[in-house]
Amino acid sequence: ADELLRVRGLEVHFPVRGRGVLRRPAGAVRAVDGVDLDVRRGETLGLVGESGCGKSTLGQAVLRLVEPTAGRVVLDGTDVTALGQRDLRALRRRVAMVFQDPYASLDPRRTVGQAVSEPLEVHGLHRADRRGRVGELLELVGLDPDWRERHPHELSGGQRQRVGIARALAGEPDFIVLDEPVASLDVSIQAQVLNLLRRLQRELGLTYLFIAHDLAAVAHVSDRVAVMYLGRVVEVAARADLEAEPAHPYARALLSAVPVPDPRRERARRRVVLRGDVPSPTAPPSGCRFRTRCPDAFEPCPLVDPALQGVGAGTGHVAACHLHGVVGRPVEPGAGGG
Ligand code: SF4
Ligand code: MG
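Residues numbered from 1 in each chain as written. Chains lettered and ligands numbered in written order. Predicted model: local features only at pLDDT ≥ 70, side-chain atom pairs only at ≥ 80, totals over all residues.

If you check an unreviewed UniProt entry, the protein appears there as ATP-binding cassette domain-containing protein from Vallicoccus soli. In the Sequence similarities (unreviewed entry) part of its UniProt record, the protein is described as follows: "Belongs to the ABC transporter superfamily." (UniProt positions renumbered as here; feature names shortened; annotations may be inferred.)

Caption draft 1: A look at the environment of threonine 78. Tracing the backbone shows threonine 78 in strand β5 (residues 78-79). Threonine 78 sits 248 residues away from valine 326 along the chain, and the two C-alpha atoms are 34 Å apart. (Helix = DSSP H or I, 4+ residues; strand = E, 2+ residues; numbered from the N terminus.)

Caption draft 2: Looking closely at the pairing of strand β3 (residues 44-48). Counting buried positions over the 5 residues of β3 gives 5, a clear majority of the element. Here β3 shows no split at all, with Thr44, Gly46 and Val48 on one side and Leu45 and Leu47 on the other all buried. Inspection of the sheet shows β3 paired to strand β8 (residues 207-212) by 5 bridges, in the parallel sense. Counted as the bridge partner of valine 48 is alanine 212 from β8. (Buried ≥ 20, exposed ≤ 12 C-beta atoms within 10 Å, placed from the backbone. Pairing = 2+ DSSP bridges.)

Caption draft 3: Here's a closer look at helix α3 (residues 112-122). Among the residues of α3, Val112, Gly113, Ala115, Val116, Ser117 and Leu120 are the ones counted as buried. Taken together, the buried residues of α3 touch α4 (127-140) and α5 (157-169). (Contact = placed C-beta atoms within 7 Å.)

Structure representation (structure tokens):
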């Protein structure tokens, strides 16, 4: 398939300051810790995991809104990780991000028109052309162009998120990271915003990385789904394949928490309840980092860090779990926590 985005070995580590006068670095939060991921042109890839698993940081690192510590991000043939500041500005036209909280992401003092005009200015559009373009963008997201004089407090949550989407579209991007774009909206409004995002994808040929904290949130919008746990992608599959046959115990647990409309299917599906808490991302467990909560853990799990490997019949379904064959990197003596 044709990949628009290719992520290899991506790491984003944040140093943690120690106590004491010298405040020496006491380690690092390994928010993203060795991620491989592809996003295909024109698809929506759902990226799912519990809060703190690194999914937002991954989305931001792909756009260089946070700096990767290691690894490569290649967008449409361009190595994003190698770009200098000038080329980064050019990149920012082709990629964009929609944030979870439309209340926090809009400046309350600026009008809708100013909010949408700002990225146009950054992208170098001449002042005389900006007003017309703001009107077009507002129409594109289903808002009345006359609303350019309104302030965020005069808008509903859904309308604010439409402004956020208009801002994201300003540079005519082909790739957008949607970070829980409807999670803070009323349920009745969520479908409207999701429909808008789908229509825009169709009309503008957009590719989405759609971040969410549970599978239900991405079920109706994703072509494929990637599951993330403690800084790693642990499974990637076509949405239907993941729903029918999740291969990683963590994906199974997430899926078993999603209510299904048919009670017969509900009974057939074993409810998996995870024990314990997510370990600290400063010291992930050795070997498989899910092993401290995994109901299926066995001998190799603390000893070998499982690699993503094919689990279906050539469908591109991959998972990082020894239940599907012990493949991965042996733990170095003394490495890893837990
Ligand atoms: Fe569970 Fe082991 Fe698979 Fe990790 S590798 S998910 S601990 S069975
Ligand atoms: Mg987040």
